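Each chain, letter by letter, is given below.
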Amino acid sequence: MDPHLFVLFGATGDLAAVKLFPALYHVTTREGAPEPTILGVGRSDWDDARLQAAAVSSLTEGGVDESDARAWAEAALRYARVTAYDDLAPVFDAAAALEEERDLEGERVYYLALPPSAFPGTIASLGEHEAERGTVGDHVAEDAPWVRLVIEKPFGHDLASARELNAIVHEHFPEDVVYRIDHYLGKETVQNLLVFRFANAFFESAWTRQDVERVEITVAETNDAAGRAGYFDGVGTLRDMIQNHLTQLFALTAMDPPARLDAEGIRSEKIKVLRSTRTARPDAVILGQYASGPDDPEGYADHEGVAEGSRTETFATVRLQLDNWRWQGVPFILRTGKRMPARVSEIAVVFRRPPVTLFQTSGGCDPTPNVLRLRLQPDEGFRLSFDVKTPGNGFGVSTQELSFDYEDRFGAFPDAYETLLADIVRGDATLFVHGDEAEEAWRVYSEILDNDAIEVHPYPSRTWGPDATETLIQAPPTEEVAASDDTC
Ligand code: BG6
């Protein structure tokens, strides 16, 4: 890792407190890491001491010893206040002064943990400043320091706004210095999808329409939108979870093996998947909003800050279809919701049953299909269900599981943000979203976003969502191309 200045826009916000300070602490205290210099930027009337105190309390809450946290914060953190995000003179002055004081060579990470409305102005100001410094633009010197622009989600709110934002980004920065964050890509178990699939030829050969009946990707959350209505209301689950996190899981599950294990290799395969995904139709989606339940007197509509009569969805199931050789006719079902009975994220690959049923379960039913469940969180690991003979006369069948538990074998993993921050500083964009990918992901949902014709079903808090969901999952697979007598 090169010594560098890390400029954190949004340093007074929630993401910084909950995720970024702990991740920065753990990455910068790794053996061999350079001394950290972090310039926090915000509009609040804070100073260095206030920023350091905020970081110390977030670190100690996460289990860091108080004196270590304080020593780290005092050495690493400085604050620059701005009044508007398109006037960054105070940031550039503070950055230059810090670089001089600490003998840094000008390498910079700009991390934008900002509300989306602040992106265009900030990116344009940073771009102009960096062009003047000669790190981007038409006159980049060979020995110019590197600069990296990190953009937190949401990247736009629909296809048109994502295109506009990409246009602004590309007016100032080349794609290869842009790091669009989807923190799901930093999760160990999500990266393990690649290893699991491409290091085990056994599964990979069954990973096609010949053997797979459907794939279900579920991210069930127990948390809700209370206290976050200012961000969540009007945004909803399609934008907050489906377009990014679940779509990334979908793309990693459906993609072909990359030619190389690098940013270009992986991202171009994911983009191919998204390009062959049909735009989801309104009849392929179920939306829901949690109402009160026996343990939760307050439903979504009752939260402070939620607009009266809000149609914002807190649950969505979307059935995606791909037109490609590997997956034609295999539905991918993406499902996520808040205030569910349990927190669980998993990818279930449901294999086809044998073409002829020879055996029945002990209860007299047809055998269940083999299901491979890749558990992303919690209890990370996988389980594969298969049928065995129940002892005794005849051929009774019972379903059993082979399983593997990640934590049992390897212990706890680093937080996703830690992995992503280390990759940014090392200049590895493999786990970040390419601009084309972000646009394609919006295109897939373009007909179901803000579509008032789609009903938003209420579901009681702590249930698995609206009943209609099961119908969508069990619906027969994609209409196959109709047989025809025409010859050509
Ligand atoms: C965030 C969403 O991006 O991801 C939240 O804005 C959601 O609404 C969160 O709860 C889920 O992340 P994780 O890592 O807890 O699964």
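Residues numbered from 1 in each chain as written. Predicted model: local features only at pLDDT ≥ 70, side-chain atom pairs only at ≥ 80, totals over all residues. Heavy atoms only, no water.

Chemist: With reference to specific residues and values, describe the pattern of salt bridges.
Modeler: Applying the stated criterion across every chain yields a total of 39 salt bridges. Here Arg70 makes a salt bridge to Glu66, at a shortest N to O gap of 2.7 Å. Placement of the pair is Arg70 and Glu66 together in helix H3 (residues 66-76), with a separation of four residues, close to one helical turn. A salt bridge links Asp256 to Lys272; its shortest N-O distance comes to 4.0 Å. With Asp256 in the loop between helix H10 (236-254) and helix H11 (263-275) and Lys272 in helix H11, the pair connects residues that are 16 residues apart, well separated along the chain. When its relative accessible area of 45% is taken as the criterion, Lys272 is described as partly exposed. Salt bridges sharing common partners tie together Arg197, Glu204, Asp256, Glu269, Lys272 and Arg326. (Salt bridge = Lys/Arg side-chain N within 4 Å of Asp/Glu carboxyl O. Helix = DSSP H or I, 4+ residues; strand = E, 2+ residues; numbered from the N terminus. Buried < 20%, exposed > 50% of the residue type's maximum accessible area, 1.4 Å probe, protein only.)

Chemist: I'd like a description of the site of the ligand, backed by residues and values.
Modeler: Around the ligand sit 13 residues in total, of which Tyr184, Lys187, Glu221, Asp240 and His245 are the nearest. At a separation of 2.5 Å, an oxygen atom of the ligand approaches a polar side-chain atom of Tyr184. Within the side chain of Asp240, an N or O atom sits 2.6 Å from an oxygen atom of the ligand. Starting from 400 Å² of accessible surface for the ligand in isolation, the protein chains cover 81%. Of all the cavities here, the one that holds the ligand is the largest pocket. In terms of residues, the shell around the ligand owes the most to one element, H10, which gives three residues. (Near = heavy atom within 4 Å. Polar contact = N/O pair within 3.5 Å; in protein donor to acceptor, adjacent residues only side chain to side chain. Areas by Shrake-Rupley, 256 points an atom, 1.4 Å probe, with all protein chains shown as cover. 1 Å grid on protein atoms, 1.4 Å probe; cavity = no way out; pocket = protein on both sides within 12 Å on 5 of 7 lines; lining within 4 Å. Sits in = over half its atoms within 2 Å of the grid points.)

Chemist: Outline unusual backbone geometry, listing residues and values.
Modeler: Look at the link from Lys153 to Pro154: it is a cis peptide, with omega at 0°. Along the chain, Pro154 falls in the loop between strand E5 (147-151) and helix H6 (159-172). Residue Gln377 is joined to Pro378 through a cis peptide bond whose omega torsion reads -20°. For Pro378, the position within the fold is in the loop between strand E13 (371-377) and strand E14 (381-389). The backbone of Asp103 shows a phi angle near 60°, a positive value even though the residue is not glycine. Here Asp103 shows up in the loop between helix H4 (89-101) and strand E4 (108-112). Looking at Asp103, the relative accessible area reads 65%, which means it is exposed.

Chemist: I'd like to hear about the packing of H10 against helix H14 (residues 435-444), residue by residue, with values.
Modeler: Packing of H10 against H14 leaves a shortest axis separation of 10 Å and a crossing angle of 120°. Between H10 and H14, the angle is such that the two are oblique. In this structure, H10 meets H14 at a crossing whose hand is right-handed. Residues Arg239, Gln243, Thr247 and Gln248 of H10 touch H14, and the partners they reach there are Glu437, Ala438, Ala441 and Trp442. (Axes fitted to C-alpha atoms, helices over the stretch in contact; angles between N-to-C directions. Parallel < 35°, antiparallel > 145°, perpendicular 65-115°, else oblique. Left-handed = near helix turned anticlockwise from the far one by under 90°. Contact = heavy atoms within 4.5 Å.)

Chemist: Go over the pairing of strand E10 (residues 332-337) with me, naming the residues and quoting the values.
Modeler: Residues in a regular strand project their side chains so that they alternate between the two faces of the sheet. Across the six residues that make up E10, a large majority, six, are buried. Here E10 shows no split at all, with Phe332, Leu334 and Thr336 on one side and Ile333, Arg335 and Gly337 on the other all buried. Across six bridges, strand E7 (residues 212-220) lies against E10 in parallel orientation. Bridged to Glu216 within E10 is Ile333. As paired strands, strand E9 (residues 315-320) and E10 are joined by six bridges and run antiparallel to one another. Within the sheet, the bridge partner assigned to Leu320 lies in E10 and is Phe332. (Pairing = 2+ DSSP bridges.)

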